[in-house]
Amino acid sequence: MQGADKLTTNRRNVLRYTAGATTLGLASLAGCIGDDPGDGNGNGNGNGNGNGNGNGNGNGNGGGDIDEITLTLTQFPDTQDPLDHITGDYFNVYDHIYEPLFDFQPGEGIFPRVAEDWEAQDDGTTEIYLRDDVVFHNGDDLTAEDVAWTINRTVDPEMGVQSPIGTYGLGSIEGAEAVDDTTVAVNYGASAGLAEFEFGNYARAMNQQWAIDNFDAENEAIAGAEPEAFNGTGPYEVVEYTSGEEIVVEAFDDYWGDQPPFSRVTFNASGESSSRVAALETGESDVTMNILPEDVTTVQDADGIDIRNVTSFRNIFCPMKNTVEPFDSQEFRQAMNYAVDNEAIVDEILSGFGEPRGQPVAPGINGFNDELGPYEHDPGRAESLVEDSGYGDVEITLTAPQGRYLNDAAIGERVADMIDQLDNVSCEAEIVDFPVVSDANQAGVEPGEFDIPFYMIGWGTITGDTDYGVQGFFTIPDNPSRTFDDEELSDAILETQQIDDPEERTQALQDVNALAREKAPFVFLHTQESIYGANSNIQWEPREDETIYIWEMEG
């Protein structure tokens, strides 16, 4: 057992093909998806295959125990404050330093980790009972005060940094307080089941006194250029930090749980799939993500590395902020959906590594409505709806990221081109770095306070529940980061949050997805496959929620 009480579960195995599929073309590979639930990665762990290039990081691509690994992300964290963004790449680094209080398994629920147990009270609170042997990397003991302060700093926009985690991840959590040294009472304004989903995913702990004394963290974001800017309770502590380039962590000697599988891990990033693949081939990286479909064969044909892929919980879509023209018209927003041929995008740009979608969440998510198909591609109907909206001959811009999602820039350009082919709309694509669209997504809907009303982004519904896929985007009270302003949709979501009966709530969430499809707050695109490349000697299965935990690997 490695890491913190590694779980033995019946986690849905979603690897779709093995190294034996390397003679198949991409179309055939994509066609295999969903055929075999599988039971392992089929990658020949420990087969002694080396990459034969004499390069690498000395981590044992040729077989044997691996002591050090490098994980290459698509985006390098541009903040040292673990509450500052809600981006998957950032979590994949910071979760190893600021570990979650719970282990969450998609589709299965939450399990004890730093929190030993929890119990819902009858007064709108849940008490979380912490381990008493957890210490921060600076040697301070973890206390309930630390956890309560971190939760309050996350959900209170007036405290520290305005955290999108509070808006999107802890939307029903109102605050927390320490009951005693190891007991935290979490206050929530929705059903206890929803609150459990939220704190089970997003509760972590910062060191209150350290953060205040060193970084004025009740008024500012944590920022620093040295390893000392990080101080969590995780199995790894930061030993080297080069802003914008890499974070090096080593196993923390005083970690309360089992020692993690590798003594040293380097996190770096590259926005180019080909560069990430090259790093795998040369042994400069051991695990990377978002391998583009056109690079899959390159990985499969190389010695010592292989492809791991999984159907993710991530939908790709284009929000349209309806507080400004022309997106304030439902007819116009629906027209944008009819203008885009999602099937062609999946087939031609993603080589089948995706599924067209017409609602905010992916299959497998509680509340997914399987009666809702994608919008039909119908340019004539789109043009008619544009005329009905009164915005004929309008000029719009779609802003899309590059390097964050599978072929994101190409998809953004294709979506813009499809819209531009309408006789009465001109649309151009603007390709930017991911933080630009991330910031746009958090900028809210107040006219004059945002510059980008139409952009492409992805969202992984990592809790496995529709609420996480909709409330941050659509609810109105206390949600300055929403992307859509509609009381009917907001009220429908808020009503589901008060429903305790699971079946009744599932039906209500399906109705929310149907209402969202009708109101078209997004141009709905597709559910994305997650494609990873990995050192063949590392045993690891990717997760639907795209979380990468080093402690779930073995080498």
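Residues numbered from 1 in each chain as written. Predicted model: local features only at pLDDT ≥ 70, side-chain atom pairs only at ≥ 80, totals over all residues. Heavy atoms only, no water.

> Go over the nonpolar core with me, naming the residues and quoting the values.
With 151 residues, the main nonpolar core has Phe-199, Met-336, Ile-396 and Ile-419 as its most contacted residues. Looking at this core element by element, the count peaks at seven residues for strand S17 (residues 522–535). Not counting residues up to four positions away in its chain, the partners in contact with Phe-199 are Phe-102, Ile-110, Trp-118, Thr-126, Ile-128, Leu-170, Ile-173 and Val-186. The next biggest cluster of nonpolar side chains, apart from the first, holds five residues, and it includes Phe-313, Ala-362, Ile-365 and Phe-368. (Core = buried A, V, L, I, M, F, W, Y, C linked by side-chain atoms within 4.5 Å. Buried < 20%, exposed > 50% of the residue type's maximum accessible area, 1.4 Å probe, protein only. Helix = DSSP H or I, 4+ residues; strand = E, 2+ residues; numbered from the N terminus. Contact = heavy atoms within 4.5 Å.)

> Explain the pairing of strand S16 (residues 457–460) to me, and be specific about the residues and the numbers.
Burial of S16 is two-sided: the residues Ile-457 and Trp-459 facing one way and the residues Gly-458 and Gly-460 facing the other way are all buried. Relative to S16, strand S12 (residues 305–319) runs antiparallel, the two sharing four bridges. Bridge pairing in S16 links Arg-314 to Gly-460. (Pairing = 2+ DSSP bridges.)

> Go over helix H11 (residues 379–389) with me, naming the residues and quoting the values.
At 3.6 residues per turn, the α-helix brings residues three or four places apart onto the same side. Three or more residues of H11 are buried, namely Ala-382, Leu-385, Val-386 and Ser-389. Down the axis of H11, the sector holding all buried residues measures 105 degrees, keeping them to one side. Once H11 ends, the next one or two residues include Gly-390, with phi positive near 85 degrees. (Arc of directions from axis to C-beta.)

> Before we move on, could you go through the sheet that holds strand S6 (residues 173–180) and cite the residues and values that matter?
Ordered by their spatial adjacency, four strands build an open sheet running S4-S5-S7-S6, and the pairing between neighbours is antiparallel. Strand pairing shows two members of the sheet lacking a second neighbour, strand S4 (115–120) and S6, which therefore form its edges. Across the sheet, the mean angle from the axis of one strand to that of its neighbour is 20 degrees, orientation sign disregarded. The pairing of strand S5 (residues 125–130) with strand S7 (residues 183–188) spans five bridges and is classified as antiparallel. Looking at S7, one finds that Thr-126 is bridged to Val-186. Most of the contacts of helix H3 (residues 144–155) go to S6, to which it runs at about 165 degrees, and overall it touches S5, S6 and S7. (Axes fitted to C-alpha atoms, helices over the stretch in contact; angles between N-to-C directions.)

> Please set out the packing of aromatic side chains residue by residue, giving values where relevant.
Applying the stated criterion to the full structure yields 26 aromatic pairs. Pairing Trp-459 with Phe-473 gives two aromatic rings, centres 5.2 Å apart and planes at 85 degrees, and the pair type is edge-to-face. Linking Trp-459 in strand S16 with Phe-473 in helix H14 (residues 466–474), this pair joins segments that are 14 residues apart in sequence. The class for Trp-459 is buried, based on a relative accessible area of 8%. Ring centres of Phe-474 and Phe-522 lie 5.3 Å apart, and the angle between their planes is 40 degrees; this geometry places the pair in the tilted category. (Phe/Tyr/Trp six-rings, centres within 6.5 Å; stacked < 30°, edge-to-face > 60°.)

> Which residues make up the pattern of salt bridges, and what values go with them?
Summed over the entire model, instances satisfying the criterion amount to 17 salt bridges. Among the ionic pairs, Glu-250 bridges to Arg-264, the shortest N-O distance being 2.5 Å. Here Glu-250, found in strand S9 (residues 246–251), pairs with Arg-264, found in strand S10 (residues 264–269); they are 14 residues apart in sequence, far enough to count as distant. Ionic pairing is found between Glu-552 and Arg-543, a salt bridge with its closest N-O pair at 3.0 Å. Judged by relative accessible area, which is 14%, Glu-552 ranks as buried. (Salt bridge = Lys/Arg side-chain N within 4 Å of Asp/Glu carboxyl O.)

> Tell me about a negative patch on the surface, and name the residues and values.
A cluster of acidic residues, Glu-331, Glu-387, Asp-388, Asp-393, Glu-395, Asp-417, Asp-420, Glu-428 and Glu-430, forms a negative patch on the protein surface. Elements represented by at least two residues in the negative patch include exactly H11, helix H12 (408–420) and strand S15 (425–432). Tracing the backbone through its elements, the reader meets Asp-417 in helix H12. (Patch = residues over 30% accessible without salt bridge, like charges linked within 9 Å, V, L, I, M, F, W, Y side chains within 5 Å. Areas by Shrake-Rupley, 256 points an atom, 1.4 Å probe, with all protein chains shown as cover. Lys, Arg positive; Asp, Glu negative; His and termini not counted. Charge placed at Lys NZ, Arg CZ, Asp CG, Glu CD.)

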